[in-house]
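Listed below, chain by chain, are the residues.
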Amino acid sequence: MIQFLLDLFRGNLGARSSHWSAVRKQFLASNPTCAICGTRGSFLKPNEIHHVKSFAAHPDLELQKSNLLTGCRIHHLW
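Residues numbered from 1 in each chain as written. Predicted model: local features only at pLDDT ≥ 70, side-chain atom pairs only at ≥ 80, totals over all residues. Heavy atoms only, no water.

Draft legend 1. View of the overall build of the protein chain. Helix and strand counts for the protein chain stand at three helices and two strands. Counting every position in the protein chain, which comprises 78 residues, the buried fraction comes to 27%. Sequence-distant contacts, at least 24 apart, represent 52% of the contacts inside the protein chain between residues at least 6 apart. As presented, the protein chain carries roughly 5600 Å² of accessible surface, and 62% of it is formed by carbon and sulfur atoms. (Helix = DSSP H or I, 4+ residues; strand = E, 2+ residues; numbered from the N terminus. Buried < 20%, exposed > 50% of the residue type's maximum accessible area, 1.4 Å probe, protein only. Contact = heavy atoms within 4.5 Å. Areas by Shrake-Rupley, 256 points an atom, 1.4 Å probe, with all protein chains shown as cover.)

Have a look at this one:
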């Protein structure tokens, strides 16, 4: 539900692959801490998955694990 609201806010509704949710969940389970500061997400402040090469510019890399990083909320915005 949260991912749906984020996609709606960002204007990506319908643009994401149907596999994105599963890839995101699996990547976060394997990489639970922020790649920059090492913070582990919490219920109220979950870590987010960031595309190294932007999803908007490189939609073909959306599901590539080599293009993903885990970031806390602060570092995800950087």
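Draft legend 2. How the structure looks around the side chain of Asn-67. Structurally, Asn-67 can be placed in the loop between strand 1 (48-51) and strand 2 (68-71). Look past the residues within four positions of Asn-67 in its chain and what remains in contact with it is His-50, His-51, Val-52, Lys-53 and Leu-61.

Draft legend 3. Representation of the nonpolar core within the structure. With five residues, the main nonpolar core is built from Trp-20, Val-23, Phe-27, Ile-49 and Leu-68. Element by element, the count of residues in this core is highest for helix 2 (residues 20-30), at three residues. Setting aside chain neighbours within four positions, we find Leu-68 in contact with Trp-20, Val-23, Phe-27, Ile-49, His-50, His-51, Val-52 and Glu-62. (Core = buried A, V, L, I, M, F, W, Y, C linked by side-chain atoms within 4.5 Å.)

Draft legend 4. Local environment of the pattern of salt bridges. On inspection of all chains with the given rule, the structure shows two salt bridges. Here Arg-16 ties to Glu-62 by a salt bridge, and the two come within 3.6 Å at their closest N and O atoms. Note that Arg-16 is positioned in the loop between helix 1 (2-10) and helix 2 and Glu-62 in the loop between strand 1 and strand 2, a separation of 46 residues in sequence. Of the two residues, Arg-16 and Glu-62, neither departs from the other in class, the shared state being buried. For Arg-73, the salt bridge goes to Glu-48, with nearest N and O atoms at 3.8 Å. Of the two residues, Arg-73 sits in helix 3 (residues 73-77) while Glu-48 sits in strand 1, which places them 25 residues apart along the sequence. With a relative accessible area of 17%, Glu-48 lands in the buried category. (Salt bridge = Lys/Arg side-chain N within 4 Å of Asp/Glu carboxyl O.)

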